[in-house]
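Notes for the structure review
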Amino acid sequence: MSTTSGTPRRPRLKSITARGFRSLGNSTVKFGSFTVLVGPNGSGKSNLLEVLRFVSDSAQLDLDQAIEGHGGFDSLRRATSNTTETSVTIEALVTAHASSKAPDKYTLTLRNQDDHLVRSETFSYKRTEGPGRRFGFKVNGDVATVGDDVAKGQQVDPGSRTEVRLSGDRTSALSAFSRVSTDELQTVPLEFSNFLAEIKYLDPNVDQARRPARSVNDHLGDDASNLAAVLLRIRNQSPEAFTELEQDLALCLPGLRKVDFTAVGGASRDVVGELVETGLDRHIELADASFGTVRMLALLAALYDPTPPALTIIEEVDHGLHPYALDVLAERMRAASSRTQIIAASHSPTFVNNLRPDEVVLCDRDPRTGASIIPSATPDEIKEAVERSGMGIGELWYSGAIGGVPSDE
């Protein structure tokens, strides 16, 4: 994919809008290249990321499978007595002519109608550069209308539209059209669904990450269970990046000389990761390394991957890490965001102190209704509070000066 000037451009998530989705009553959140969701437990950070997981699954599976995989419709919808509908919208820059003013836009709406689950689905994008109508599809039941401006429902020449019947009223149109593209849509739905399918949801399982791993050219798994193999791949493919990774780890682990590897299992391609100390030349297998060391190594492996996915999501980025490691990590995440868009969630004032106002999305929750308030402050409001107080964003947040802390009111 490239911009109109011919310069390569990575696909990027622009915004999420969720209405009636779990704790998200009506929230629109915009994302930059590096965005950190900050707030207490129960403020909606995980629910916001769950929107992406659900839409990603629904783009690859039948809707019934995606809905059941996320606990059923009653688990997805806002748990209030009058909520019968949930809707999610994803705006992104994926297709060739997408722009900030005209992004690719996908909306999925589910509603309970007479005890029957009904869906509607729309996807629209720009087929040509510059001003002009958007193209795409709109689905109600099992009938999809494909053509100009269908998502807006505008009246245009009927000859510019085509009706396509899906295999059922629970068939995901984005999934269907990505597998069998029509002459009009061509491969555009596949580009968009691939972007969703390839999102990396990194939540390292340290016990799994400590184990030997098969040496293959895969990306880091969501649980980092193939950590040793990915580190070896980075060393082989990008020695300079691997050296920088080792230097970053040494900042957090005094005495580290290098990260090394040992083959195990005879003819097997399994490898064991090892930490080599300065002076003693002692090799410490990852199985014996500390929780924080292994987790930091997994995060650095994702950030230094020479061929990262377009979007990387990191749950609880600060979990188990020393405050000094968080200072290092914030800088590396910002640098890596030029190659992979990064969205993370954090509870740590120390980590948040390293962020800029435009990198923070404050999350709060209305104690009376339970509805998430995201964002609970604008970047300009955060910037003004920082300048007025002389405090870091993390300190302001932790003190409650800009919201986003637990409240019993």
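Everything numeric here is computed off the predicted structure, so don't read it as measured data. (Residues numbered from 1 in each chain as written. Predicted model: local features only at pLDDT ≥ 70, side-chain atom pairs only at ≥ 80, totals over all residues. Heavy atoms only, no water.)

**Overview of the pairing of strand β1 (residues 12-21)**
Within β1, eight of the 10 residues are buried, which leaves it mostly tucked inside the rest of the structure. Sheet topology note: the β1/strand β4 (residues 85-93) ladder contains seven bridges and is antiparallel. From the neighbouring strand, T17 faces β4, where its bridge partner is T89. The pairing of β1 with strand β2 (residues 24-30) spans six bridges and is antiparallel. Paired with S15 across the bridge in β2 is K30. The turn linking β1 back onto β2 is made up of two residues, and R22 within it adopts a positive phi angle of 50 degrees. (Buried < 20%, exposed > 50% of the residue type's maximum accessible area, 1.4 Å probe, protein only. Helix = DSSP H or I, 4+ residues; strand = E, 2+ residues; numbered from the N terminus. Pairing = 2+ DSSP bridges.)

**Looking at the pattern of salt bridges**
This model, assessed by the stated rule, comprises 22 salt bridges. The shortest N-O distance in the salt bridge between E91 and K14 comes to 3.9 Å. Of this pair, E91 sits in strand β4 while K14 sits in strand β1, placing them 77 residues apart in sequence. Across this residue pair, the class does not change: E91 and K14 are buried. A salt bridge links D248 to R332, with the nearest nitrogen and oxygen atoms 2.6 Å apart. Of this pair, D248 sits in helix α8 (residues 239-252) while R332 is found in helix α10 (residues 323-336), placing the two residues 84 residues apart along the sequence. The class of D248 is buried, set by a relative accessible area of 3%. Members of the salt-bridge network, linked through shared partners, are E331, R334, R356, D358 and E359. (Salt bridge = Lys/Arg side-chain N within 4 Å of Asp/Glu carboxyl O.)

**With respect to the nonpolar core**
Grouped together as the largest cluster of nonpolar side chains are 62 residues, with contacts concentrated most on L227, L275, M333 and F351. For this core, the element with the highest residue contribution is helix α9 (residues 291-303), accounting for nine residues. Membership of the second largest hydrophobic core comes to 54 residues, among which are F73, F135, V146 and F177. (Core = buried A, V, L, I, M, F, W, Y, C linked by side-chain atoms within 4.5 Å.)

**Some remarks on unusual backbone geometry**
Most of the time, phi is negative for any residue but glycine, and the peptide bond is trans. Of the consecutive residues I374 and P375, the connecting peptide bond is found in the cis state with omega at -5 degrees. Examined against the element boundaries, P375 turns out to sit in the loop between β19 (372-373) and α12 (379-389). Unusually for a residue other than glycine, R22 sits at a positive phi of about 50 degrees. Positionally, R22 belongs in the loop between β1 and β2. Positive phi is not limited to glycine here, since A224 has a value of about 60 degrees. The topology assignment puts A224 in the loop between β11 (213-214) and α7 (227-237). We classify A224 as buried; its relative accessible area is 0%.

**A closer look at the packing of aromatic side chains**
Summed over all chains, the structure comprises eight aromatic pairs. Between Y106 and F192, the aromatic rings sit 6.3 Å apart at their centres with planes inclined by 50 degrees, giving tilted as the arrangement. Of the two residues, Y106 sits in strand β5 (residues 104-113) while F192 sits in helix α5 (residues 188-197), which places them 86 residues apart along the sequence. Here F123 and Y125 contribute two aromatic rings whose centre-to-centre distance is 5.8 Å and whose plane-to-plane angle is 25 degrees, an arrangement assigned as stacked. A single burial state applies to F123 and to Y125, both of which are buried. Through a chain of ring-to-ring contacts, three or more aromatic side chains come together here, namely Y106, F123, Y125, F135, F137, F177 and F192. (Phe/Tyr/Trp six-rings, centres within 6.5 Å; stacked < 30°, edge-to-face > 60°.)

**Thoughts on the confidence of the model for the chain**
This prediction gives the chain a mean pLDDT of 88; 92% of its residues lie at or above 70. No element of the chain has a lower mean pLDDT than strand β9 (residues 161-165), which averages 84, and none a higher one than strand β3 (residues 34-38), which averages 97. Scored below 50 in pLDDT, residues 1-6 makes 12 contacts in the model with residues more than four places away or belonging to other chains. (pLDDT = per-residue confidence, 0-100. Contact = heavy atoms within 4.5 Å.)

**Let's talk about the side chain of S175**
Along the chain, S175 turns up in helix α4 (residues 173-179). Owing to a relative accessible area of 2%, S175 belongs among the buried residues under this scheme. At 2.4 Å, the side chain of S175 and the side chain of R179 are in polar contact. Apart from residues no more than four positions distant in its own chain, S175 is found in contact with S58, A59, Q60 and L61. (Polar contact = N/O pair within 3.5 Å; in protein donor to acceptor, adjacent residues only side chain to side chain.)

**Thoughts on the pairing of strand β6 (residues 116-126)**
As a general feature of sheets, a regular strand has side chains that alternate between the two faces. Of all the 11 residues making up β6, 10 are buried; the element is thus mostly covered by neighbouring parts of the structure. Pairing analysis gives nine bridges linking β5 to β6, with the strands arranged antiparallel. Directly across from L110, in β6, lies its bridge partner R119. Hairpin connection, β5 to β6: the antiparallel pair is bridged by two residues, and D114 has positive phi, about 55 degrees. Here seven bridges tie β6 to strand β7 (residues 134-140), and the two strands are oriented antiparallel to one another. Among the inter-strand pairings, F123 is bridged to a residue of β7, identified as F137.

**Focus on the environment of T350**
With respect to the helices and strands, the residue T350 is situated in helix α11 (residues 349-352). On a C-alpha basis, the gap between T350 and E244 in space is 23 Å, while along the polypeptide they are 106 residues apart. With near-sequence residues (within four places) excluded, T350 lies in contact with P323, L326 and D327.

**Structural notes on the sheet that holds β3**
As summarised here, the arrangement of the five strands in space is β10-β15-β16-β3-β17, forming an open sheet in which the pairing is parallel. Each edge of the open sheet is held by one strand with a lone partner, namely β10 (200-202) and β17 (360-362). Neighbour to neighbour, the strand axes of the sheet diverge by 20 degrees on average, direction disregarded. Where β3 meets strand β16 (residues 341-346), five bridges bridge the pair, whose relative direction is parallel. Paired with L37 across the strands is A345, a residue of β16. (Axes fitted to C-alpha atoms, helices over the stretch in contact; angles between N-to-C directions.)

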